[in-house]
Amino acid sequence: MIPIRRLIASVATAVLMTASMIGTARADDIPSPATIGTEQYLGGSFTMDRHLDGFEKPLTSNGDFVLSPANGLVWRTLAPFPGTTILDDHGITRIDDQGNRDELARGDQFHQFVELISAVLAGNWQPLEQRFDITRDTTEQDAWQVILTPKDGSTIQNQISKITATGNDFVENVRLEKPTGDHDAITLSDQSLQGLPLPPEFAALLTGPVQ
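Residues numbered from 1 in each chain as written. Predicted model: local features only at pLDDT ≥ 70, side-chain atom pairs only at ≥ 80, totals over all residues. Heavy atoms only, no water.

A. Representation of the overall build of the protein in the model. The secondary structure content of the protein amounts to three helices and eleven strands. Overall, the protein shows an N-to-C arrangement of helices and strands of α-β-β-β-β-β-β-α-β-β-β-β-β-α. The buried share of the protein, reckoned over its 211 residues, is 45%. When the accessible surface of the protein is summed, it comes to about 10900 Å², and 46% of that surface belongs to carbon and sulfur atoms. (Helix = DSSP H or I, 4+ residues; strand = E, 2+ residues; numbered from the N terminus. Buried < 20%, exposed > 50% of the residue type's maximum accessible area, 1.4 Å probe, protein only. Areas by Shrake-Rupley, 256 points an atom, 1.4 Å probe, with all protein chains shown as cover.)

What follows is the structure, encoded as structure tokens:
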């Protein structure tokens, strides 16, 4: 079993993975992303740039994803190295390009972490209020901006120093900053809300056996 600190770092940068405050708009005036209903799912594409100390250029990956409040999250990397990460009630599972499943984590201690990742991608800030200080603002382009800073004493504070999310109808950009100075930046695009059931290829991943 992978240690929790290493797991949180690897999964957060794979799935979450922008950004000073601009303006002084009142919180009541700041728009919020669209709500994903329990009978809906959000699908789209992503590009992730991982900025590491010592590397001149970021490491870039891209793929697609499906987020369903009723089923879980599928984060499918298509390039440069195919692979899929699944977060659901079973825990966190990794599937390689050969279809082999590797259970990274399971149990109640990771359920809250799965909820955290899903909440950020869905723009649902309320479940995060106990673990993060949350600042809302707007950008120069009139998009909403939310900055999440881990509260003192939070377990995740050792791995994440700040999360900044911006968007309009949906979360469009997420920047994950780490205490090491490294950061990951995700751009989400081609997003749309659809009604269940999930597309067959994603439904099969979320309902597949946990080994």
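B. Examining the sheet that holds strand β5 (residues 91-95) more closely. On the basis of which strands lie adjacent, the open sheet formed by eleven strands has the order β6-β5-β4-β3-β2-β1-β11-β10-β9-β8-β7 and antiparallel pairing. Across the chains shown, the open sheet's two edge strands, defined by having one partner strand only, are β6 (101-105) and β7 (132-138). Looking at each pair of strands side by side, their axes are set apart by 20° on average, direction ignored. In this sheet, strand β4 (residues 83-88) lies alongside strand β3 (residues 72-79) in antiparallel orientation, the contact comprising five bridges. Paired with Val-74 across the two strands is Ile-86, which belongs to β4. (Pairing = 2+ DSSP bridges. Axes fitted to C-alpha atoms, helices over the stretch in contact; angles between N-to-C directions.)

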